[in-house]
Amino acid sequence: MNLEQLRARFIPFDSLRYTTEAFIDYAIEECSPKYNYALIGPGVSQNPNQPVSLREPHGFQVGGVSIPQGKINPPHMHFTCEIFMCFRGDWRLMWGFNPDEKHALIGEGDIASVPTWIYRAFCNVGVDDGFLFTGLGRDDTGGILWGPTTLAAAQQAGVFLTEDYRMIDTRRGEVVPPGTRLLQPMTPEEIAALEDWSPEAMSQRVVRFADLRWASDSLLDSMLPGHGAALAPVVGLGMSQSRSVSPPVGNAHGFSIEWLRIPAGGQVGWHALSHKQVVLAKRGEVELQVRADDGLFGQVLRGTPTHWDAYSVPADAWRAFHNAGAAEAYLLLMTAGDEKKPVQWESDTVAAAAAAGWSIDANSCMAPKHFVDRSQR
């Protein structure tokens, strides 16, 4: 890609545009306003005018949501995975149709993976609007299915959803044409037949930032002077090269999620992946560099308590990260594919690691070089 194309993949947080009418629940007082953002792909928005930062298919989609304290996103169901990544505030995540009994609280840095084919809802229980990034599996999510009470409440307010997911707002003079087929909710019997997730089982799918398992040997250059980055797995098999890595949430999502921590003055040297990767800056200022066909692209990704830049790194692109700040920096990496992602390192990094006694074995994991060499004689 050329420099111009790489610049277009930067999504500064202050450039994000939202709609408060992405779904029929905008007509329900307890649910409105809700600010829906689409960073990568349109997600499951039912509004054809939903602003989208980058429409290019990635194999997964990234969005965001913010709602005032006390407001709720009502019960709905997805056919592909849904991930909630809390970057600000406190949230109550509910599932099934017994939210008072089945819920989990998530706070800043926590990530929750909600199983497919169960109803889920969430409420802002923090002191401000908060912010959740969201991840959805696949380029075609199959849409969204609202619970019966949500469809009924929206209709009572004058907003109807057709079977082909068109919203009709009769309050604005729009008319439901004769013969229009409205979306029919699941029956009570169909809902009762869905899998019942206990709070104990769901707690295994909530990854607390405070409980992250950091691996200092997760990248070939981690041991080199001036580098020192570490990875902590969250969902699926990411790019970690540590033999001890075990993701807390291991089932297939269509993408992996892991935290990258870079010490002050540290870096991750030049490397390439054959998969697309979305980077979300949580804390600090990190310079991302990507090699373009016509030069070197550079962009500072900034993460503050209220501002989180994003960047989509193309597949097969050579990239490097440098933390020039005085404190640790944290990035969230979302990488396409369920498989383990082999990392290709620049020859200078491979040589420096070898001089320090480290190599990559046949399983794409860090290993003492003399054992790897011995096995190849």
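An account of the accompanying structure is given in this report. Keep in mind the model is a prediction, meaning the values are calculated, not measured.

## Things to note about the overall build of the protein chain
Across its full length, the protein chain carries 6 helices and 28 strands. Relative to the 2.2 N^0.38 estimate, which gives 21 Å for 377 residues, the radius of gyration of the protein chain is 22 Å and therefore close to what a compact globule would have. With the C-alpha coordinates aligned to their principal axes, the bounding extent of the protein chain is approximately 75 × 45 × 40 Å. Relative to its 377 residues, the protein chain shows a buried fraction of 53%.

## Quick notes on the pairing of strand E18 (residues 255-262)
With respect to burial, E18 is a largely interior element, 7 of its 8 residues being buried. Relative to E18, strand E17 (residues 230-235) is paired through 5 bridges, and the arrangement is antiparallel. The residue of E18 that forms the bridge with Leu231 is Leu260.

## So, unusual backbone geometry
Going from Ser32 to Pro33, the amide bond is cis rather than trans, its omega being 5 degrees. As for its position among the elements, Pro33 is in the loop between strand E2 (18-19) and strand E3 (35-40). For Arg138, which is not glycine, the phi torsion reads 75 degrees and is therefore positive. Along the polypeptide, Arg138 turns up in the loop between strand E12 (131-137) and strand E13 (144-146). Phi is positive for Asp316, which is not a glycine, with a value near 70 degrees. Structurally, Asp316 can be placed in the loop between strand E23 (310-313) and strand E24 (318-323). In this structure Asp316 comes out as exposed when scored by relative accessible area, which is 54%.

## Comments concerning the packing of aromatic side chains
Per the stated rule, a full pass over the model turns up 21 aromatic pairs. Summarising the aromatic geometry, the rings of Tyr18 and Tyr35 are spaced 4.9 Å apart at their centres and angled 90 degrees between planes, so their arrangement reads as edge-to-face. Separated by 17 residues along the polypeptide, Tyr18 in strand E2 and Tyr35 in strand E3 bring together distant segments of the chain. The exposure class assigned to Tyr18 is partly exposed, which follows from its relative accessible area of 43%.

## A few points about the sheet that holds E13
Ordered by their spatial adjacency, 5 strands build an open sheet running E9-E8-E11-E6-E13, and the pairing between neighbours is antiparallel. Either end of the sheet is taken by a strand with one partner, and the two such strands are strand E9 (103-106) and E13. Between one strand axis and the next, the sheet turns by 30 degrees as a mean value, whatever way the strands run. Direction of pairing for strand E8 (residues 91-95) relative to E9: antiparallel, over a ladder of 4 bridges. Directly across from Met94, in E9, lies its bridge partner His103.

## Concerning the nonpolar core
Core analysis: the largest hydrophobic core is formed by 33 residues, its most contacted members being Leu39, Met85, Phe133, Ile257, Trp259 and Met334. Among the elements of the structure, E3, strand E5 (60-66), strand E7 (82-88), E12, E17, E18, strand E20 (277-292) and strand E25 (329-336) are those that each provide at least two residues to this core. In terms of residues, this core owes the most to one element, E25, which gives 4 residues. If you look at the next biggest cluster of nonpolar residues, it comprises 31 residues, including Met239, Val286, Tyr311 and Phe321.

## Comments concerning the side chain of Asn124
Within the element layout of this structure, Asn124 appears in strand E11 (residues 120-124). From its side chain, Asn124 meets the backbone oxygen of Asp128 in a polar contact 2.7 Å long. Among all residues touching Asn124, those that are not within four sequence positions of it are Ile67, Pro68, Gln69, Gly70, Lys71, Asp90, Trp91, Asp129 and Gly130.

## Quick look at the environment of Met1
Topologically, Met1 is positioned in the segment before helix H1 (3-7). Excluding its chain neighbours within four sequence positions, the residues that come into contact with Met1 are Leu6, Arg9, Ala292, Asp293 and Pro314.

## Quick look at the pattern of salt bridges
A complete count under the given rule lists 17 salt bridges for this structure. Taken together, the shared-partner salt bridges in this structure form one network comprising Glu21, Asp169, Arg171 and Arg172.

## A closer look at the environment of Asp139
Following the sequence through the fold, Asp139 ends up in the loop between E12 and E13. Overall, Asp139 belongs to the partly exposed group, its relative accessible area being 43%. With 83 residues separating them along the chain, Asp139 and Glu56 place their C-alpha atoms 9.3 Å apart. Ignoring sequence-local partners within four residues, the contact set of Asp139 consists of Pro57, His58, Gly59, Phe60 and Gln61.

Conventions adopted
- Residues numbered from 1 in each chain as written.
- Predicted model: local features only at pLDDT ≥ 70, side-chain atom pairs only at ≥ 80, totals over all residues.
- Heavy atoms only, no water.
- Helix = DSSP H or I, 4+ residues; strand = E, 2+ residues; numbered from the N terminus.
- Rg over C-alpha atoms; globule rule 2.2 N^0.38 Å.
- Buried < 20%, exposed > 50% of the residue type's maximum accessible area, 1.4 Å probe, protein only.
- Pairing = 2+ DSSP bridges.
- Phe/Tyr/Trp six-rings, centres within 6.5 Å; stacked < 30°, edge-to-face > 60°.
- Axes fitted to C-alpha atoms, helices over the stretch in contact; angles between N-to-C directions.
- Core = buried A, V, L, I, M, F, W, Y, C linked by side-chain atoms within 4.5 Å.
- Polar contact = N/O pair within 3.5 Å; in protein donor to acceptor, adjacent residues only side chain to side chain.
- Contact = heavy atoms within 4.5 Å.
- Salt bridge = Lys/Arg side-chain N within 4 Å of Asp/Glu carboxyl O.

Nothing here speaks to function; it is all geometry.
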